[in-house]
Structures are given as structure tokens and as C-alpha cells.
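# Structural overview
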Amino acid sequence: MNLLFDFTVDKDTATIHITREFAADLDLVWDAFTKSEILDQWMGPKPWRVQTKEMDFREGGRWLYTMVSPENVSSGRWSLAEFVEIQPKSSFTTKNSFSDENGNPLDSNFTFSMTTNAFEAEGEKTVVRIAKKMASLAEMEQFVAMGYKEGFAASMENLDEYIRTLATSK
Amino acid sequence: MRRDIFQAIADPTRRAILVLIAMQAMTPNAIAEHFDGTRQSISKHLRILSECDLLDQKQEGREIFYELKIDKMKEIDIWLDQFRKIMEERFQQLDQLLYTIKNKEK
């Protein structure tokens, strides 16, 4: 099945817009985005996987997770998604940042992004519209630089890939 | 001598050096402190990275600092492209998972 995938970047507002169709009903897709036992199964960029430490899906609650290698070693990098607003079966907004393993922000002044996920049933499919507003392009630059130290998505392979891309784009 | 960039990343120590200096400019001594190898072997790696055109050198007083030579805006574009790829793969994993869950329910 051909499922719509649209990815655009608005550099003026530092916002990434993603639209994606899924071949499942809204209830199931909603669960896949909001229940940690399902999130853990698809969020990790292979061969890494996401492991949830805490999930409290309610306004004011949070999701704390890390990336785990195929050898079951944590990347040591923890991500925090705080649920700012939830409209059941319709949309939810998270404030995304990085934290230590107990969910204490690494830098309380830095919010990496605010992400809104909106869900809409379309026949037998569900359309998810994601708007990810980055702190700013300047801070994104900082993140990018930081990302290479930590290894974006906690993977050295990404750096290899990155340099390879750089090499071929020359 | 101009080397192929793949040579730069073929070696794990050189990859680690790139990761280190991506964060901040560093002197050869500061870089060497992160590794078990001799100062000479780190110098050799730095020379190879320079020959691959991946390093910029800055003189500050008596010290030489190495930094990663990458255009900032290009970095963002590459990052976005990488992020797009990660999202694509993620959603394909979800497609498979949704398919599995739906079949189980039947």
C-alpha cells in the first residue's frame, strides 16, 4: 500500500511539518503514539530501540526514555517529553528536551522542540500531522553540533553516514 | 596529498576524533588525552584527517586548535535530511507493527 509521507521544513519559523498516513483505524494509531509498550516497539532507529523508563500520559505528565543498543546498553542519553496538552483521540502536544536518567533537564533553559501530533480518521486510514517547532535555527545548530558528539540517535553509524553524505555532496 | 574521505572514517579512532572536535575546537594534546594511543599515533590520525580536508586549524597564541570543517547551514540541511530518513524508517516500522496488531485481533 502506498501511504502518504510528506516532510517539509519552514526555516523562518524553525518548524518541521510531517504528514503521514497509516493503514489502521484512529484508535489503534492513537494508542501506538501514546502507549509506551507500543512506542518502545517502533520508535528506535534500527538497530537501536527505545526503552521507556516512565510514562504518565496525562496533561502535566511525562514520558522518559532512552535508546538501547543491540547489546542492551543504554546510550546514556535520556529524552523527556512532557505532555502539555491532550485532546483525547484528536491531538497532543509535548515539550521535548534532554535529561538525566531521573528526568532532570540537562539544561532547564533549553527546550529542544515543541511537538504537536494531530490525528484524523480518513476512511480506513488515519492521517497523523506532526508539527515540530524547534527552539530556533541557532539553537538547532547547537544541537546539531552536540548531536555529533553524542552521536545523533546515539549511533556512530549516523556520523559515518553524515560524513559520507558530505563527501558525495562535494 | 589529498585523500579520500572514506579513508578518514574507516578508522574508529579517527571517527572518535571527529566526534570530539565536532563539539569544540581542541588542541592535539587535549585530543590525545582522550585516547590510549601515543601522541605520535594521534598526530598521524590528525594528519590524515587534515589531508581529507575535514579539519580547520586555528592558531591561538602558541597553541594550535583543530576543529571540524563544515559549513553550518549545510550541517542543518544534512541533519534535517537525516532526521527525515529516521522518521521514514520509524513510520515503516510502525506500519509493520500496526499490521501485526491488526492481524492478531482478527
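Conventions used here
- Residues numbered from 1 in each chain as written.
- Chains lettered and ligands numbered in written order.
- Predicted model: local features only at pLDDT ≥ 70, side-chain atom pairs only at ≥ 80, totals over all residues.
- Helix = DSSP H or I, 4+ residues; strand = E, 2+ residues; numbered from the N terminus.
- Buried ≥ 20, exposed ≤ 12 C-beta atoms within 10 Å, placed from the backbone.
- Contact = placed C-beta atoms within 7 Å.
- pLDDT = per-residue confidence, 0-100.
- Core = buried A, V, L, I, M, F, W, Y, C linked by C-beta atoms within 7 Å.
- Pairing = 2+ DSSP bridges.
- Axes fitted to C-alpha atoms, helices over the stretch in contact; angles between N-to-C directions.
- Arc of directions from axis to C-beta.
- Expected span 1.5 Å × (residues − 1).

### A few points about the overall build of chain B
Within chain B one finds 5 helices and 2 strands. Counting from the amino terminus, helix and strand elements in chain B follow one another as α-α-α-α-β-β-α. Relative to its 106 residues, chain B shows a buried fraction of 21%. Sequence-distant contacts in chain B: of pairs separated by 6 or more residues, those separated by 24 or more amount to 58%.

### Some words on the confidence of the model for chain B
Residue and element names in this part refer to chain B. With 80% of its residues at a pLDDT of 70 or more, chain B shows a mean pLDDT of 81. Of all helices and strands in chain B, the one with the weakest mean pLDDT is helix α1 (residues 5-10) (62), whereas helix α3 (residues 28-32) scores best (92). For this predicted complex, the interface confidence comes out at an ipTM of 0.77, alongside a pTM of 0.66.

### Comments concerning unusual backbone geometry
Residue and element names in this part refer to chain A. One non-glycine residue, Asn 72, adopts positive backbone phi at about 65°. Inspection of the secondary structure assignment puts Asn 72 in the loop between β4 (62-68) and β5 (74-87). Judged by C-beta crowding, with 8 C-beta atoms within 10 Å, Asn 72 ranks as exposed. At Lys 89, a residue that is not glycine, the phi angle is positive and equals roughly 60°. Residue placement: Lys 89 occurs in the loop between β5 and β6 (91-99).

### Describing the nonpolar core
Residues Leu18(B), Ile21(B), Leu49(B) and Leu54(B) are the most contacted members of the largest nonpolar core, which totals 14 residues. Counting residues per element, the ones that place at least two in this core are α2 (12-23), α3, α4 (39-51) and β2 (63-68) of chain B. If one sorts the elements of this core by residue count, α2(B) sits on top with 4 residues. When sequence neighbours within four positions are dropped, the list of residues in contact with Ile21(B) reads Met26(B), Tyr66(B), Glu67(B) and Leu68(B). Counting residues in each nonpolar core, the second largest holds 12 residues, with Ala24(A), Val29(A), Ala32(A) and Leu98(B) among its members.

### Brief notes about the sheet that holds strand β1 (residues 5-10) of chain A
All names here are of chain A. Taken together, the 8 strands give an open sheet; going across it, the order is β1-β2-β8-β7-β6-β5-β4-β3, and neighbouring strands pair in antiparallel fashion. If you trace the sheet from one side to the other, it starts and ends with β1 and β3 (49-55), each paired once. Across the sheet, the axes of successive neighbouring strands diverge by a mean angle of 20°, strand direction being ignored. Two strands pair when backbone bridges link them, and β4 and β5 are joined in this way by 6 bridges, in the antiparallel orientation. When the bridges of β5 are listed, Trp 63 appears paired with Ala 81. Where helix α1 (residues 26-34) meets the sheet, its contacts fall on β2 (15-22), β6, β7 (113-122) and β8 (125-134), and the angle it forms with β7 comes to roughly 160°.

### Thoughts on the pairing of β2(B)
Residue and element names in this part refer to chain B. Across 6 bridges, the pairing between strand β1 (residues 55-60) and β2 is antiparallel. In the strand pairing of β2, Asp 56 is matched with Glu 67. What sits between β1 and β2 in their antiparallel hairpin is a turn of 2 residues, with Gly 61 showing a positive phi close to 65°.

### Here we look at α1(A)
Every buried residue belonging to α1(A) is among Val29(A), Trp30(A) and Ala32(A), and all of these are buried. Projected down its long axis, α1(A) shows its buried positions confined to an angular sector of 160°, all on one face.

### Thoughts on α4(B)
Residues and elements named next belong to chain B. Helix length check: α4 (13 residues) gives 18 Å between terminal C-alpha atoms against 18 Å at 1.5 Å per residue, within 8%. Inspection of α4 places Ile 42, His 45, Leu 46 and Leu 49 among the buried residues, and these make up the whole buried set. All buried residues of α4 lie within an arc of 100° about the axis, which places them on one face of the element. In the stretch just after α4, Asp 53 is the one whose phi turns positive, near 65°.

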